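# A structural walkthrough
Given next are the chains, with one letter for each unit.
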Amino acid sequence: MSNDDSRVTPPGNAQPRSPRARGEESPSGADAFVLPEFDSLPDLAPLPDLDEFLKADPLAGFDEAVAAQADTVSSRDDDALPSAAPAGDIPSLPTSPSTPAVPSLPAVSTTPTQNTAPTFTVAPSQADAAPTHAAPASSRTSPAQEPNERVAHPAGRLSWGKQGTTSSAIPIGLAISGAIVVLSGIISSVLAGGSNHKHPTLPPPDLDTKQQVLHVPGYRGAATNTHSLSPEWASGVATAWTIPTTNGPAGTPPQIYVDGSVLYLAADDLTEDRKESAVTVSAYDLSGNEPTLLWTSTGPTENSAIMSSHTPAFLSDDDQVFFHDVVIDKATGAQTQAPWKRDYPLAVTDDIVVTCSATTSCAGWTREGSEWTNLWTTTTAIQSGFGLHNHDLGYAPAGTALAGSGAQAAVLVPTAINELPQILNVHTGEVTTLNNPNGNADYRKVEVATDGFLVYERSEQVGLLFEPNGTLQSTFTAEPHLPTVSHDGRQPTTSDIHTFMTSTKAPWAAGTIALTGTDQCAIEYKLTADSATHTISIPSAARPDMQPGCYFDPADARVSVDGSALYIDTFNFQDTSKYFIDTAKGLSFTSNELNEATHLTWVFDDMLIGQTDGGIRAFVPASS
């Protein structure tokens, strides 16, 4: 099949308005205070007795009024402009209901047409950086929760724990200032001639501006991926933009793949005659302020499991992206069909694509021009229908199958859980079983290193290191309680893995993260850069879900190289929230939109994208 068999559509010329244009739009002014007409003023009341007035307590009722206002604000949803304060610190005064709300920036969109650039939704997310609160960082101990600590529930609402007196929450200086304001207001009312005249409600003092975050829509980072967590995440999380998506004919959302700064979306579709399966692929450049649609193309496929959960789902080389049996040109989006039909691409190197059937065979393919040649086909043990999903220990990037290089390059076969692990030589297709000469224990995991393979027998806590050709290199006994390695996107060597599993030091990553304690859990993270150990309290929202013994099993966990920021995607299976933590100030941030997103993928050090009901959403540090 030639490239002419696929449909390629360039993006339209419609461009969204710039953030500058959005920022220059004026608010409606609907909440502006309007002075009454003179003829509508009430009759003047007689002046009160001056001696009685001077005897009055100027602070009477002030505490009660502020406390009532705080109760009202604490019940609001967290869509209000967030502020953050360390646990136990004096909370910021709530915003007065009479204060006009900050006008929302209008969303900017372009009207999509068929196979043209979709609408980009870019809206300010004042609730994105809704903070949960943890105690200040400490390198020695984990402080207990303060009685007046603010708690953020997974649903996103902020509530208050045990309340102190109003005077403990209001600085003395503010109380005196408030008293002066009240006294001045009374005197003004008296001199104006009557207590029935209504004046505009005076707002309380402004919130601490250092703790207020209002993210301007769009991405303004450096668009680099060093496979490290940016320290900017210590400021919280906000939404930069959203690419609206629609489900395919089968009702499934598109699959996500990121290669460099380009996002590829592959969705199931139908051919023009609506009789056969097809794939629609779109490519977006994510390096700018907003995503730029590069191209969209549609072409046929013979793979009936297009939207399966097979891992890996995508492969790429310098010029092409492979999605099941579809080969996509990176520059133009032109699609061609590969001859392996329902098999899944597993790895590509040295111009050879290795595919496996999810049954009992794998094959090697090479191409000259438009012609594919089958180099070898090998029979394997029974394979898993999910590929390499949940096959490894999580030390290398998900879906990594290739170890070694040149003539020694080998790939891990996605064998079923009850089968012994196998590897294949990329050039010859020779299959080798990775077994333990002393017997094979149950509960095996296989990790693919840059220069070989690790087979870890969990029931025996024994690790076996193999060279790319399958030769057993060494065995060792692992530490019984290993921390979580910061998922920095790097692939370790066999020596790196051996060092970590015997000494808990991860030289290829920024550090490690674990929970310590029994009833009062705390986060303990160790940095590779200085070998230092740090301890910080867990986020308040995560405390109700803590397991006995402080069980820790995050879906993803990262620490910045300098230790100033942490990212934890759920502490355990009962937790539903994702957290960014400022370790210096003891603050943690979560976002309802981030918590609801699935298939999270790191694009840059300061950009994380995920799939939501509204489309593909980009999350960035709140300070960016």
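Remember, it's a predicted structure, so these values are computed and weren't measured experimentally.

### A closer look at the pattern of salt bridges
All told, the structure shown has 4 salt bridges when counted by the stated rule. The salt bridge partner of R490 is D488, with a shortest N-O separation of 3.4 Å. Its relative accessible area of 29% is what places R490 among the partly exposed residues.

### Section: the packing of aromatic side chains
The final tally for this structure, using the stated rule, is 18 aromatic pairs. Here Y219 and F604 contribute two aromatic rings whose centre-to-centre distance is 5.5 Å and whose plane-to-plane angle is 20 degrees, an arrangement assigned as stacked. Here Y219 is found in the loop between helix 5 (172-192) and strand 5 (237-243), whereas its partner F604 is found in strand 34 (residues 598-604), with 385 residues between them in sequence. The exposure class assigned to Y219 is buried, which follows from its relative accessible area of 4%. Its relative accessible area of 2% is what places F604 among the buried residues. Ring centres of F500 and W508 lie 6.1 Å apart, and the angle between their planes is 85 degrees; on these two criteria the pair is classed as edge-to-face. Across the pair, W508 and F500 agree in class, each one buried. Three or more aromatic residues joined by ring pairs make a cluster, and in this case those are Y257, Y264, W295, F314 and F323.

### Quick word on the sheet that holds strand 15 (residues 352-356)
Working definition: the strands of a sheet are paired by backbone hydrogen bonds and lie parallel or antiparallel to each other. Taken together, the 4 strands give an open sheet; going across it, the order is 14-15-16-17, and neighbouring strands pair in antiparallel fashion. On the outer flanks of this sheet lie strand 14 (344-349) and strand 17 (371-379), each paired with one strand and no other. Ignoring strand direction, the axes of neighbouring strands in this sheet form an average angle of 25 degrees. In terms of strand pairing, strand 14 meets strand 15 through 5 bridges, oriented antiparallel. Bridge pairing in strand 15 links T349 to I352.

### Side note on the confidence of the model for the protein
On average, residues of the protein score 74 in pLDDT, and 64% of them are at 70 or above. Note on residues 123-129: pLDDT is under 50 here. Beyond four places in sequence and across chains, it has 26 contacts.

### Things to note about the sheet that holds strand 20 (residues 422-425)
Here we have 4 strands laid out as an open sheet, ordered 18-19-20-21, and antiparallel in their pairing. On the outer flanks of this sheet lie strand 18 (402-403) and strand 21 (431-433), each paired with one strand and no other. Bridge count for strand 18 against strand 19 (residues 410-412) is 2 bridges, and the pairing is antiparallel. Following the sheet pairing, A403 is matched in strand 19 by A410.

### Overview of unusual backbone geometry
Excluding glycine, most residues fall at negative phi; most peptide bonds, likewise, are trans. Along the chain, T311 connects to P312 via a cis peptide bond; the corresponding omega equals 0 degrees. Phi is positive for H227, close to 65 degrees, though the residue is something other than glycine. With respect to the helices and strands, H227 occurs in the loop between helix 5 and strand 5. In this structure, K341 is a non-glycine residue whose phi angle is positive, near 55 degrees. Position of K341 relative to the elements: it lies in the loop between strand 13 (335-337) and strand 14.

Here is what the cut-offs are and how they apply
- Residues numbered from 1 in each chain as written.
- Predicted model: local features only at pLDDT ≥ 70, side-chain atom pairs only at ≥ 80, totals over all residues.
- Heavy atoms only, no water.
- Salt bridge = Lys/Arg side-chain N within 4 Å of Asp/Glu carboxyl O.
- Buried < 20%, exposed > 50% of the residue type's maximum accessible area, 1.4 Å probe, protein only.
- Phe/Tyr/Trp six-rings, centres within 6.5 Å; stacked < 30°, edge-to-face > 60°.
- Helix = DSSP H or I, 4+ residues; strand = E, 2+ residues; numbered from the N terminus.
- Pairing = 2+ DSSP bridges.
- Axes fitted to C-alpha atoms, helices over the stretch in contact; angles between N-to-C directions.
- pLDDT = per-residue confidence, 0-100.
- Contact = heavy atoms within 4.5 Å.

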